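# Structural characterization, general
Each chain, written out:
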2 protein chains.
Amino acid sequence: MPSPESLVYFDHAATTPVHAQVLEAMLPYFSRSYANPNSIYRFAQEARKAVDDARCTIADVLNCRPNEVIFTSGGTESINAALRGAAFASMRAGVGNHIVTTQVEHHAVLHTCQMLENLGFDVSYVPVDRYGMVDPADIEGALTEKTVLISVMLANNEIGTIEPVAEIAHLLRRRDASGRRRSILFHTDAVQAAGALDLDVKRLDVDLLSLSSHKFYGPKGSGVLYIRRGTPFNAQITGGGQERNRRSGTENVPGIVGTAVALRRAEEHRAANSAYCRHLRDRLIRGVLSTIPGSHLTGHPERRLPNNASFVFDGVEGESILLGLDFQGVAASSGSACSSGSLEPSHVLLATGLTAAAASGALRFSLGPDNTEQEVDYVLSVLPDIVQQLRSMSGPRATA
Amino acid sequence: MPSPESLVYFDHAATTPVHAQVLEAMLPYFSRSYANPNSIYRFAQEARKAVDDARCTIADVLNCRPNEVIFTSGGTESINAALRGAAFASMRAGVGNHIVTTQVEHHAVLHTCQMLENLGFDVSYVPVDRYGMVDPADIEGALTEKTVLISVMLANNEIGTIEPVAEIAHLLRRRDASGRRRSILFHTDAVQAAGALDLDVKRLDVDLLSLSSHKFYGPKGSGVLYIRRGTPFNAQITGGGQERNRRSGTENVPGIVGTAVALRRAEEHRAANSAYCRHLRDRLIRGVLSTIPGSHLTGHPERRLPNNASFVFDGVEGESILLGLDFQGVAASSGSACSSGSLEPSHVLLATGLTAAAASGALRFSLGPDNTEQEVDYVLSVLPDIVQQLRSMSGPRATA
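The following paragraphs examine the structure supplied in this document.

Thresholds, definitions, all that
- Note that residues are indexed from 1 along each chain, following the sequence as it is written.
- As a convention, the first chain written is A and the first ligand written is 1, with the rest following in written order.
- Two thresholds apply to this predicted model, a pLDDT of at least 70 for residue-level local features and 80 or more for giving and counting side-chain atom pairs, whereas whole-chain, interface and lining totals are computed over all residues.
- As a rule here, side-chain values come from all non-hydrogen atoms in the structure, and water together with hydrogens is ignored.
- The secondary structure listing takes helices from DSSP runs of H or I that are at least 4 residues long and strands from runs of E that are at least 2 residues long, numbered from the N terminus.
- We take the radius of gyration over the C-alpha atoms and set the globule estimate at 2.2 Å times the residue count to the 0.38 power.
- Burial classes follow relative accessibility: with a 1.4 Å probe on protein chains only, a residue under 20% of its type's maximum area counts as buried, one over 50% as exposed, and anything between as partly exposed.
- Contact definition: two residues touch when any of their heavy atoms are within 4.5 Å.
- Only one rule defines a salt bridge in this text: a Lys or Arg side-chain nitrogen within 4 Å of an Asp or Glu carboxyl oxygen.
- For this classification, Asp, Glu, Lys and Arg are treated as charged, while Ala, Val, Leu, Ile, Met, Phe, Trp, Tyr, Cys and Pro are nonpolar and the rest, including Gly, are polar.
- We define a nonpolar core as any set of buried Ala, Val, Leu, Ile, Met, Phe, Trp, Tyr and Cys residues linked to one another through side-chain atoms lying within 4.5 Å.
- For helices, the axis comes from a line fit to the C-alpha atoms of the stretch in contact; other axes are also lines fit to C-alpha atoms, and the angle between any two N-to-C directions lies between 0 and 180 degrees.
- Reported orientations rely on four angle classes, namely roughly parallel under 35 degrees, roughly antiparallel over 145, roughly perpendicular from 65 to 115, and oblique for the rest.
- The crossing is said to be left-handed when, going from far helix to near helix, the turn is anticlockwise and less than a right angle, and right-handed when the turn is clockwise.
- Two strands are counted as paired when DSSP detects at least two bridges linking them.
- Copy-to-copy superposition: least squares on the C-alpha atoms, limited to residues that have pLDDT of at least 70 in both copies.
- Side-chain rings of Phe, Tyr and Trp, where Trp is taken by its six-membered ring, are said to pair if the distance between their centres is within 6.5 Å; with planes under 30 degrees apart they count as stacked, over 60 as edge-to-face, and otherwise as tilted.
- Distance and chemistry together define a polar contact, namely a pair of N or O atoms within 3.5 Å, with one atom able to donate a hydrogen and the other to accept it when in protein, and with adjacent residues in sequence counting only for side-chain atoms on both sides.

Bringing the overall build of chain A into the picture now. Per the secondary structure count, chain A includes 15 helices and 12 strands. For chain A, whose C-alpha radius of gyration is 22 Å, the value lies close to the compact-globule estimate of 21 Å for 400 residues. With the C-alpha coordinates of chain A rotated into their principal frame, the extents come out at 70 × 55 × 35 Å. Classification of the 400 residues of chain A by burial places 63% in the buried group.

Let us now look at the interface of chain B and chain A. At the interface, 68 residues of chain B touch 68 residues of chain A. With a shortest N-O distance of 3.5 Å, Asp326 of chain A and Arg42 of chain B are connected by a salt bridge. Of all elements in the fold, only helix H1 (20-26), helix H2 (28-31), helix H3 (42-62), helix H4 (75-92), helix H5 (107-118) and helix H12 (318-327) of chain B reach the threshold of two or more residues within the side of chain B that touches chain A. Partitioning the side of chain B that touches chain A into residue classes produces 29 nonpolar, 27 polar and 12 charged.

This part takes up the nonpolar core. Core analysis: the biggest nonpolar cluster contains 132 residues, and Leu62 and Leu211 of chain A together with Leu62 and Leu211 of chain B have the highest contact counts within it. In this structure Leu62 of chain B touches Val69, Leu199, Asp200, Val201, Leu209, Leu211, Val224 and Tyr226 of chain B, once residues within four positions along its chain are discounted.

Axes are the key here: two packed helices are described by the angle between their axes and the distance separating the axes. Residues and elements named next belong to chain B. Running from N to C, H3 and helix H10 (residues 253-268) cross one another at 30°; their axes reach a closest spacing of 9 Å. The angle between H3 and H10 places the two elements in the roughly parallel class. Regarding H3 and H10, the two cross each other, and that crossing is left-handed. Contacts between H3 and H10 pair Ala47, Ala50, Val51, Ala54, Thr57, Ile58, Asp60 and Val61 from the former with Val253, Ile256, Val257, Thr259, Ala260, Leu263, Arg264 and Glu267 from the latter.

This paragraph deals with the pairing of strand E6 (residues 185-189) of chain A. The side chains of a regular strand alternate, residue by residue, between the two faces of the sheet. All names here are of chain A. A large share of E6 lies buried, amounting to five of its five residues. The alternating pattern of E6 places Leu185, His187 and Asp189 on one face and Phe186 and Thr188 on the opposite face, and all of these are buried. Where E6 meets strand E7 (residues 208-212), three bridges bridge the pair, whose relative direction is parallel. Paired with Thr188 across the strands is Leu209, a residue of E7.

A separate point is the environment of Ala108 of chain B. By the secondary structure assignment, Ala108 of chain B is in helix H5. As for Ala108 of chain B and Pro17 of chain B, which are separated by 91 residues in sequence, their C-alpha atoms are 22 Å apart. Here Ala108 of chain B is in contact with Thr238 and Gly239 of chain A together with Thr76, Ile79 and Asn80 of chain B, once residues within four sequence places are set aside.

Strands in a sheet are paired, the pairing made by backbone hydrogen bonds, and the direction either parallel or antiparallel. Residue and element names in this part refer to chain A. The mixed open sheet is built from seven strands, whose spatial order is E2-E8-E7-E6-E5-E3-E4. Two strands in the sheet have a free side with no partner beyond their single neighbour: strand E2 (69-72) and strand E4 (122-126). Strand-to-strand, the axes of this sheet are offset by a mean angle of 20°, without reference to chain direction. Of the strands in this sheet, E2, E7 and strand E8 (223-227) touch helix H3 (residues 42-62), which is tilted by about 115° from E2. Sitting on the sheet, helix H7 (residues 165-177) touches strand E5 (147-151) and E6, and the angle it makes with E6 is about 180°.

Taken as rigid bodies, chain B and chain A are interconverted by a rotation of 180° and an axial shift of 0.0 Å, the fit giving an RMSD of 0.0 Å. Classification of the inter-copy transformation places it as that of a two-fold axis. Residue Ser73 of chain B of chain B places its C-alpha closer to the rotation axis than any other residue of that unit, at 2.9 Å. Take the interface residues of chain B: 100% of them recur as interface residues in chain A, which is what a same-surface contact looks like.

Per the stated rule, a full pass over the model turns up 40 salt bridges over all chains. Arg264 of chain A serves as the salt-bridge partner of Asp60 of chain A, at 3.0 Å between the closest nitrogen and oxygen. In this pair, Asp60 of chain A is assigned in helix H3 and Arg264 of chain A in helix H9 (residues 253-268), connecting sequence segments 204 residues apart. We note a salt bridge from Asp200 of chain B to Arg203 of chain B, for which the minimum N-O separation is 3.6 Å. The buried category is assigned to Asp200 of chain B, whose relative accessible area is 7%. A relative accessible area of 58% means that Arg203 of chain B is categorised as exposed. Within the structure, one salt-bridge network assembled from shared partners comprises Arg173, Asp205, Asp207 and Arg228 of chain A.

What the rule picks out here adds up to 16 aromatic pairs over all chains. Centre to centre, the rings of Phe10 of chain B and Phe365 of chain B are 5.9 Å apart; their planes meet at 85°, and the pair counts as edge-to-face. Highlighted residues: Phe10 of chain B in the loop between strand E1 (8-9) and H1 and Phe365 of chain B in strand E12 (residues 362-366), separated in sequence by 355 residues. Of the two residues examined, Phe10 of chain B and Phe365 of chain B, each falls in the buried class. When the centroid spacing of 5.9 Å and the interplanar angle of 40° are considered together, the rings of Phe311 of chain B and Phe313 of chain B count as tilted. Overall, Phe311 of chain B belongs to the buried group, its relative accessible area being 0%. What links up through ring pairs into an aromatic cluster is the set Tyr9 of chain A together with Tyr34, Tyr41 and Phe43 of chain B.

Residue and element names in this part refer to chain A. Its place among the elements puts Thr161 in the loop between E5 and H7. In this structure Thr161 comes out as buried when scored by relative accessible area, which is 0%. A polar contact of 3.0 Å, which involves the side chain of Thr161, links it to the backbone nitrogen of His300. Here Thr161 is in contact with Tyr131, Gly132, Met133, Leu154, Ala155, Asn156, Gly299, His300, Arg303 and Arg304, once residues within four sequence places are set aside.

Given below as structure tokens:
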């Protein structure tokens, strides 16, 4: 097994290591300042202050109030809380039962929408173009008098396409101003965007925004949900009343501290890391497309995450390429890590108009600031042979 | 502020420090074996194996199958998932909409039951005796043809009373055998019991059992839910399909590893730690009752957690005692940490028949194996004066 040192890790969209500074910040809260932050004695004030400070740091990055930030156990919980919490609150208030989302959302959105359909909601899954991008006009066209919630991801986890979230929000704002109907809540899954895109909730103009710490060098098991003040919201985890009654449970103090340090770092290094990753990404994309016949970039050619290089290869299974790359010490993905092992073709690629057969040749590289040109060149040196070999295996000989 | 070294920490029911062996086991999974366990390359197999091994360890302690164990973000999420997941699944199957619980459950149970009432469930809150113990016959008496779920805690977090969970399960089993009606699901909140009581789910004969890692020297933000095979259950967090579709979200690998090591340790040292804590507890109880007039033990005199010494003091506020103890370097609680700062009297003490005035004088000490006789004697040396002083302040002079 390759050690992390020799491994070429090109799967940063699946997860990232906890950064040394992040872990260092977390360590005091495991066994030293371990108090329950809800206790009233002075020893617990260290833990309480750590949580409060972390909340302020997050709020600063998101450009919101600290009490609009709640801590969760990760991106999936944040997304579930956003969708279920806003949908149930709106339905109970009699506002409506219609939700609008896109066909290329993460399963955390899509499967939660399907669950809400089982409970009486109607959901419109808006199609996307060949690059995986939704047209704001199509979102507007899907709205009905009963629409209570829209959920559109900030950037796609598989193909890296950046969705027009602020444009959709602008459109909603115009509708509100025209008095045509009451406000519709707007959630964005920003899980893949942290560290790459601006997370300013005022500029994005969203009501709810979800983050997952382990995607930006923070710890697994920690996430953030921004809930704009005044947003109807039913808590999905009830109990001791933590997080101002929006998410009960003893606070994961080390995880919260680590999340704040990681998000602060991600924001501070965003411009430099993005430029660096974009450089590596473009070198990788150019190299693949120019050296491997029958290779195609998936996702938007320009409007894409700086670290995402995703492809389909004609006549070869993405999973087989992955195994070949693994054998050469390269970690990549055929789509999202969550659906690894699933034999179903990517719903994202199908939504872009690819056939199931074409979609099965999917491969995603996702880069990080710890990657190097040498690693890109190494991958470019091994990938063509892997693809070539697989094609020759599945060619005439395989059917002979 | 007292440092943890000089602090007398008598609040182990609120939280415990992460044990050194637990933290050591967790550390490799933050920044070294950091892969997403759902990825298919070999590097991810380290993380996958760590999660699988942890699940086996938990299953071994609980005496169940590994696939009956799911990992959550803590006790509150486990309890919410158990109640919501079983209740919704049963309601949708048309089995019924009635839930039976007790008046002394943690707020994670009670507030979730209230939420379920808002959604159309009927909930019976069965009373308890003066020791906080529920009578199995009263649980049976509350059952109706529509009952789908019973939730009774294994041990009370405030007063330490151990509830007759196995007896209630036995009674349900008898009813099933008599064919009077279909099985009713049985959940127990074992959050306070880990490390003190037997968690064998076969002997307890429960369908669902909730644990919180930070109560047994594991990390905050991690918990366990046992779901007996075949139990109707709707996932409360949906997405990538992790935990066999019962709890989506990238696994918190370090938290899961830490949970397993902590639970294994808790079980291995359970007999010795319980005996030691019982010794300290009884010394503390004897000392308080014999030196402080107007002091009363709350909870059951014998059938109580080995580490719980809880009292009410006549004519004095528990919160004021806490502040006095804090000033002397002693960390304790007036009830549960979750409701700290709440001015409402403990629902648990009210359920035992105390008046709101009497309940306001509540103080809980919860001990750990790291505590010493010297610490008990130190608390016994400062507490009488604190109580005496507070009483004299709130006495004639205060009303003069």
